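Residue-level structure breakdown
This is what each chain is made of:
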Amino acid sequence: MMIREKMLIGGNWVDAGDREVLEVVNPATEEVFAVCPKATRDDVEAAINAANEAFPSWSNLTPFKRGEYLRKASEIVRSRSRDIAEMMTMEQGKPLKEAEGEVIKGADILRYYAEEGERVYGRIIPNAEANTESRVIYQPIGVAAAISPWNYPIELLAWKVGGALASGCTIVAKLPSETPLSPLAFIRCLIDAGVPAGVVNALVGSGAVIGPMLLESPIVKKVAFTGSTAVGKDVLKNSADTLKRTSMELGGSLPMVVCKDCDMEAAVAGAVRRSFRNMGQICIAINRIYVDEAVYEEFLERFREAAEKLTIGNGLTKECDLGPMCTRSGVEKAIEHIEDAVKKGAKVVCGGKRPEGEEYRKGYFFEPTILRDVNHSMLVMTEETFGPVVGVMPFKDIDEAIALANDSVYGLAAIVYTNSLSLAERLAREIDAGNVAINNVDAGVINAPYGGWKDSGFGHEHGPEGLYEYLNIKHVRVRYL
Ligand code: NAD
């Protein structure tokens, strides 16, 4: 049965009516299983106006009251995690267990920001003059726009909704076209928790239509964008006329440095998880691995063995490590990067093709792929593949490893495996990235700032920094008479 979803404008769930619809495809079967209305220009305007009208009363609530709504929504998300996860697996492809983990993370993010909202303290600064002081207070910036992609449909939205609502902002979210269903179900939890009409609005449809309208509107004061660097640059240009506050979580090309003194088992496990999880469709997926030449062959062999053990399937019906990729174009890009590398001298260690067997006849399935004998003339080592493909090359010394890691326009995150404290410290300082994970592969934790350097963007999500993105600073100077 075809699912017919609605979008949310000013507290009303709006169906397609005579609007155009957007079709949602299950990447494991290539079947269209749902449709959503596509927002028209009038819909976008109505959503912006609704958020604007809701702003005075929402921003005047105490952070404790706003926190109550967010906590309640968090509980509702948790209680519906299985149903929402099934929807996510059907539209995005990730296995059910992973999808459920993401939904629960969405619930945790709402709870975290409910609490962080209560900790916006301001400060008092003594003045040179007697009886005079400076106070610094923080006030919500106004209507925020959230634009996010399909790889983590709920988590990336929750970072924005959590920060905006906790700080007293209202929000218009432009949901990813490939995966609108699970984010809509997540937003429904906020409405069911009693969040007043207009505080959250959710639009589905063309980024090229909705995006510029949100960005050019003088009512919208802030945009939180997660997506590719190319679209991010357009977002920035379109935000210039209204001098919008922007936070830009963009693409990456993540280096992993494997030192010869590391715990090899841990390094291999980390490499497998962070290269191939979610089919490499993670902004902080490992794209390039640099291994000390003394352990290069050992690492490659163990990495291949572990990668070949990963199970692939339709994550809705089979317990597996990897589902299909989300889109056909994603598979095509992965193949393009592999072919480019092979043409320039790389060798395929494993993968490089669609898995064999009847269950993979349809769907955007692809085997986890390791390339060796790679160099920086190849796309796989310089551009973001956003697929299950990773290049591995040896380095002679740490200076070379750092130079290779930094030889990129991107600077989102890096991963280092070593047992030497001084090497870990040096690599953490000298790699140009907003996040460095040492002896682990999870650079993003909810209460620490997460953001990119260089072409990976600027601004932060997660942590108190993620909340301050939605707050204006005001200096109040008082003389007591
Ligand atoms: P994308 O840039 O194509 O799209 C992102 C969002 O922008 C979508 O909702 C899309 O509809 C919208 N959009 C498209 N055109 C627009 C326009 N002109 N104006 C405004 N919005 C527009 O990205 P994608 O391919 O969907 O997602 C993958 C990218 O996202 C990768 O580059 C990945 O690294 C990046 N990403 C970054 C982070 C991070 O935290 N840094 C996290 C996840 C994904």
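This structure is a prediction, so every number in the text was calculated from the model and none was measured.

**Considerations on the overall build of the protein**
- What the protein contains, in helices and strands, is 15 helices and 23 strands.
- With respect to the three principal axes, the spread of C-alpha positions in the protein is 75 × 65 × 40 Å.
- Looking at the protein residue by residue over its 481 residues, the buried ones come to 57%.
- Within the protein, contacts between residues at least 6 apart in sequence are counted, and of these 73% link residues at least 24 apart.

**Regarding the packing of aromatic side chains**
- What the rule picks out here adds up to eight aromatic pairs.
- Geometrically, the ring pair formed by Phe299 and Phe303 is tilted, given 5.3 Å between the ring centres and 40° between the ring planes. A residue pair is termed a helical-turn pair when its members lie 3 or 4 positions apart in one helix, as Phe299 and Phe303 do in helix H10 (residues 296-308) at four residues.
- For Phe299, a relative accessible area of 0% gives the class buried.
- Note on Tyr360 and Phe365: the rings are 5.2 Å apart at their centroids and 70° apart in plane angle, and the pair reads as edge-to-face.
- Through pairs of rings, three or more aromatic residues link up here, namely Phe276, Phe299 and Phe303.
- Directly above the ring of Tyr69 sits Lys65, whose terminal nitrogen or CZ lies 5.3 Å from the centroid.
- Residue placement shows Lys94 over the ring face of Tyr152; its charged tip is 3.6 Å from the ring centre.

**Describing the state of the cysteines**
- According to the stated counting rule, one finds zero disulfides in the structure shown.
- Considering cysteine sulfurs only, Cys326 is the nearest to Cys320, which forms no disulfide, with 15 Å between them.
- Overall, the relative accessible area of 14% leaves Cys320 in the buried class.

**Points about the pairing of strand S20 (residues 435-438)**
- Of the two faces of S20, only the one carrying Asn435 and Ala437 is buried; Val436 and Ile438 on the other face are not.
- Of the pairings in the sheet, the one linking strand S19 (residues 413-417) to S20 comprises four bridges and is parallel in character. The residue of S20 that forms the bridge with Val416 is Ile438.

**Here we look at empty space enclosed by the protein**
- Evaluation of the coordinates by the stated rule reveals two cavities of 30 Å³ or more.
- In this structure, the largest cavity spans a volume of roughly 60 Å³.
- Lining the largest cavity are 13 residues, and of these Pro255, Arg288, Tyr410, Gly411 and Ala413 sit closest to its centre.
- Every element with two or more residues in the lining of the largest cavity is listed here: helix H13 (398-406) and strand S18 (410-411).
- Every residue lining the second largest cavity is listed: Gln92, Gly93, Lys94, Pro95, Glu98, Asn278, Met279, Gln281, Asp321, Leu322, Gly323 and Pro324.
- Looking at the lining of the second largest cavity residue by residue, the class counts come to four nonpolar, five polar and three charged.

**Here's the deal with the sheet that holds strand S23 (residues 471-479)**
- Here three strands make up an open sheet; going across it, the order is S6-S7-S23 and the pairing antiparallel. On the outer flanks of this sheet lie strand S6 (123-126) and S23, each paired with one strand and no other. Going from strand to strand, the sheet's axes swing by 25° on average, the running direction of each strand aside.
- As paired elements, S6 and strand S7 (residues 132-140) share four bridges and run antiparallel to each other. Bridge assignment links Ile124 to a residue of S7, and that residue is Arg135.

**Focus: the pairing of strand S13 (residues 254-258)**
- Taken across its five residues, S13 has five buried, putting it largely inside the fold.
- Bridge analysis of S13 against strand S14 (residues 286-292) gives five bridges, and the strand direction is parallel. Looking across to S14, one finds that Pro255 is bridged to Arg288.
- This β-α-β element, S13 to helix H9 (residues 264-276) to S14, shows right-handed connectivity.
- Bridge count between S13 and S19: three bridges; the pairing is parallel. Among the inter-strand pairings, Val258 is bridged to a residue of S19, identified as Tyr417.

**Digging into the nonpolar core**
- By size, the foremost hydrophobic cluster in this structure holds 152 residues, and its most contacted members are Leu165, Leu190, Ile289, Phe299 and Phe303.
- Excluding its chain neighbours within four sequence positions, the residues that come into contact with Ile289 are Met256, Val258, Ala271, Ser275, Phe299, Phe303, Val390, Gly391, Val392 and Met393.

**Description of the pattern of salt bridges**
- Across all of its chains, the model carries 35 salt bridges by this definition.
- Here Glu5 makes a salt bridge to Arg188, at a shortest N to O gap of 4.0 Å. Here Glu5 is found in the loop between strand S1 (3-4) and strand S2 (7-9), whereas its partner Arg188 is found in helix H6 (residues 181-192), with 183 residues between them in sequence.
- The class for Glu5 is buried, based on a relative accessible area of 13%.
- Close ionic contact of Asp373 with Lys347 constitutes a salt bridge, the shortest N to O distance being 3.4 Å. On the criterion of sequence distance, the pair formed by Asp373 in the loop between strand S16 (369-372) and helix H12 (379-382) and Lys347 in strand S15 (residues 347-350) is long-range, its members being 26 residues apart.
- By relative accessible area, which is 31% here, Asp373 ends up partly exposed.
- When its relative accessible area of 48% is taken as the criterion, Lys347 is described as partly exposed.
- Taken together, the salt bridges that share partners define one network made up of Glu297, Lys347, Arg372 and Asp373.

Quick notes on the rules
- Residues numbered from 1 in each chain as written.
- Predicted model: local features only at pLDDT ≥ 70, side-chain atom pairs only at ≥ 80, totals over all residues.
- Heavy atoms only, no water.
- Helix = DSSP H or I, 4+ residues; strand = E, 2+ residues; numbered from the N terminus.
- Buried < 20%, exposed > 50% of the residue type's maximum accessible area, 1.4 Å probe, protein only.
- Contact = heavy atoms within 4.5 Å.
- Phe/Tyr/Trp six-rings, centres within 6.5 Å; stacked < 30°, edge-to-face > 60°.
- Lys NZ or Arg CZ within 6 Å of the ring centre and 35° of its normal.
- Disulfide = S-S within 2.5 Å.
- Pairing = 2+ DSSP bridges.
- 1 Å grid on protein atoms, 1.4 Å probe; cavity = no way out; pocket = protein on both sides within 12 Å on 5 of 7 lines; lining within 4 Å.
- Points joined across faces, edges and corners; volume = space filled by probe spheres on them.
- Nonpolar A, V, L, I, M, F, W, Y, C, P; charged D, E, K, R; others polar.
- Axes fitted to C-alpha atoms, helices over the stretch in contact; angles between N-to-C directions.
- Right-handed = clockwise from strand over helix to strand, strands pointing away.
- Core = buried A, V, L, I, M, F, W, Y, C linked by side-chain atoms within 4.5 Å.
- Salt bridge = Lys/Arg side-chain N within 4 Å of Asp/Glu carboxyl O.

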